[in-house]
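An overview of the molecular structure
Chain by chain, the residues run as shown.
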Amino acid sequence: MPPKRIRCSFNECKLAAQRISGDCAFCNGHYCSNHRLLEDHKCQNLEDCKKEAFEQNAMQLNKERTQVIKGV
């Protein structure tokens, strides 16, 4: 017997969940192509995701900031 397909975790959605791209690391849900984005499945941890992304972007920008060398 083949393994049972994982269904979308979104309310009343009967579509099959996508492997890898449909997995939400913030709420541990499995979603179809229509609900895979955080905004689409109304992820409860959306604000945490935005905050984490902002902090990562800020660190990357600071790392790439041009340094002024005085006296050259």
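Residues numbered from 1 in each chain as written. Predicted model: local features only at pLDDT ≥ 70, side-chain atom pairs only at ≥ 80, totals over all residues. Heavy atoms only, no water.

Points about unusual backbone geometry
Unusually for a residue other than glycine, E12 sits at a positive phi of about 60 degrees. Tracing the chain through its elements places E12 in the segment before α1 (46-63). Of note, K42 is a non-glycine position whose phi angle comes to about 50 degrees, a positive value. Checked against the element boundaries, K42 lands in the segment before α1. (Helix = DSSP H or I, 4+ residues; strand = E, 2+ residues; numbered from the N terminus.)

What about the nonpolar core?
As a rule of thumb, soluble globular proteins bury nonpolar side chains together. Membership of the largest hydrophobic core is limited to 9 residues, which are C8, C13, C24, Y31, C32, L38, C43, L46 and C49. Those residues in contact with C49 that lie beyond four places of it in its chain are F26 and L38. (Core = buried A, V, L, I, M, F, W, Y, C linked by side-chain atoms within 4.5 Å. Buried < 20%, exposed > 50% of the residue type's maximum accessible area, 1.4 Å probe, protein only. Contact = heavy atoms within 4.5 Å.)

What to know about the state of the cysteines
All chains considered together, the criterion is met by 0 disulfides. No disulfide involves C43; its sulfur sits 3.9 Å from that of C24, the nearest cysteine. No disulfide involves C49; its nearest neighbouring cysteine sulfur is the one of C43, lying 7.4 Å away. The buried category is assigned to C49, whose relative accessible area is 16%. (Disulfide = S-S within 2.5 Å.)

Considerations on a positive patch on the surface
Residues K4, R5, R7, K14 and R19 make up a contiguous surface patch of positive charge. Along the chain, K14 falls in the segment before α1. Exposure remark for K14: the relative accessible area of 67% places this residue in the exposed category. (Patch = residues over 30% accessible without salt bridge, like charges linked within 9 Å, V, L, I, M, F, W, Y side chains within 5 Å. Areas by Shrake-Rupley, 256 points an atom, 1.4 Å probe, with all protein chains shown as cover. Salt bridge = Lys/Arg side-chain N within 4 Å of Asp/Glu carboxyl O. Lys, Arg positive; Asp, Glu negative; His and termini not counted. Charge placed at Lys NZ, Arg CZ, Asp CG, Glu CD.)

Re a negative patch on the surface
A cluster of acidic side chains, namely E47, D48, E52 and E55, defines a negative patch on the protein surface. Along the chain, E52 falls in helix α1. Residue classification places E52 among the partly exposed positions, given a relative accessible area of 40%.

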